[in-house]
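Coordinate inspection notes
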Amino acid sequence: MTKANNSLATVAELEAAWKPLTTDEQARAEVLLLQASNYLRQIAANNNKDLEDNINADPTGVYGANVKMVVLSAVQRSI
């Protein structure tokens, strides 16, 4: 599976950070999480960065946590 098929956050993480979702909202969230993840990947690529490489290179986990927060916030606003 390529990176573009993996979301940087899960529906379970969205629900934990926000609220329980209906079945319809969960299905929509799956799509939106992938779209938001790929959008951030593209922004990073436009700046000659690999988002996953940056996440994996940070031993503190702060970079990845912030990326996840951005993805979750974008999806929350969309829903």
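Since this is a predicted model, take the numbers as computed values, not measurements. (Residues numbered from 1 in each chain as written. Predicted model: local features only at pLDDT ≥ 70, side-chain atom pairs only at ≥ 80, totals over all residues. Heavy atoms only, no water.)

A few words on the pattern of salt bridges. It is possible for side chains bearing opposite charge to pair when their charged atoms get close. All chains considered together, the criterion is met by 3 salt bridges. Here E25 makes a salt bridge to K19, at a shortest N to O gap of 3.5 Å. Its relative accessible area of 32% is what places K19 among the partly exposed residues. (Salt bridge = Lys/Arg side-chain N within 4 Å of Asp/Glu carboxyl O. Buried < 20%, exposed > 50% of the residue type's maximum accessible area, 1.4 Å probe, protein only.)

Further remarks concern unusual backbone geometry. Within the chain, N48 stands out as a residue other than glycine whose phi angle is a positive 55 degrees. Its location among the elements puts N48 in the loop between α2 (23-46) and α3 (51-57). (Helix = DSSP H or I, 4+ residues; strand = E, 2+ residues; numbered from the N terminus.)

Turning next to the packing of α2 against helix α4 (residues 62-78). In contact at an axis separation of 9 Å, α2 and α4 are set at 130 degrees when each is read in the N-to-C sense. Comparing their axes, α4 and α2 come out oblique. For α2 against α4, the interelement crossing comes out right-handed. Here R28, A29, L32, L33, A36, S37 and L40 of α2 lie close against α4, whose contacting residues are V67, V70, V71, L72, A74, V75 and S78. Its residues assigned to classes, the contact of α2 with α4 shows 11 nonpolar, 2 polar and 1 charged. (Axes fitted to C-alpha atoms, helices over the stretch in contact; angles between N-to-C directions. Parallel < 35°, antiparallel > 145°, perpendicular 65-115°, else oblique. Left-handed = near helix turned anticlockwise from the far one by under 90°. Contact = heavy atoms within 4.5 Å. Nonpolar A, V, L, I, M, F, W, Y, C, P; charged D, E, K, R; others polar.)

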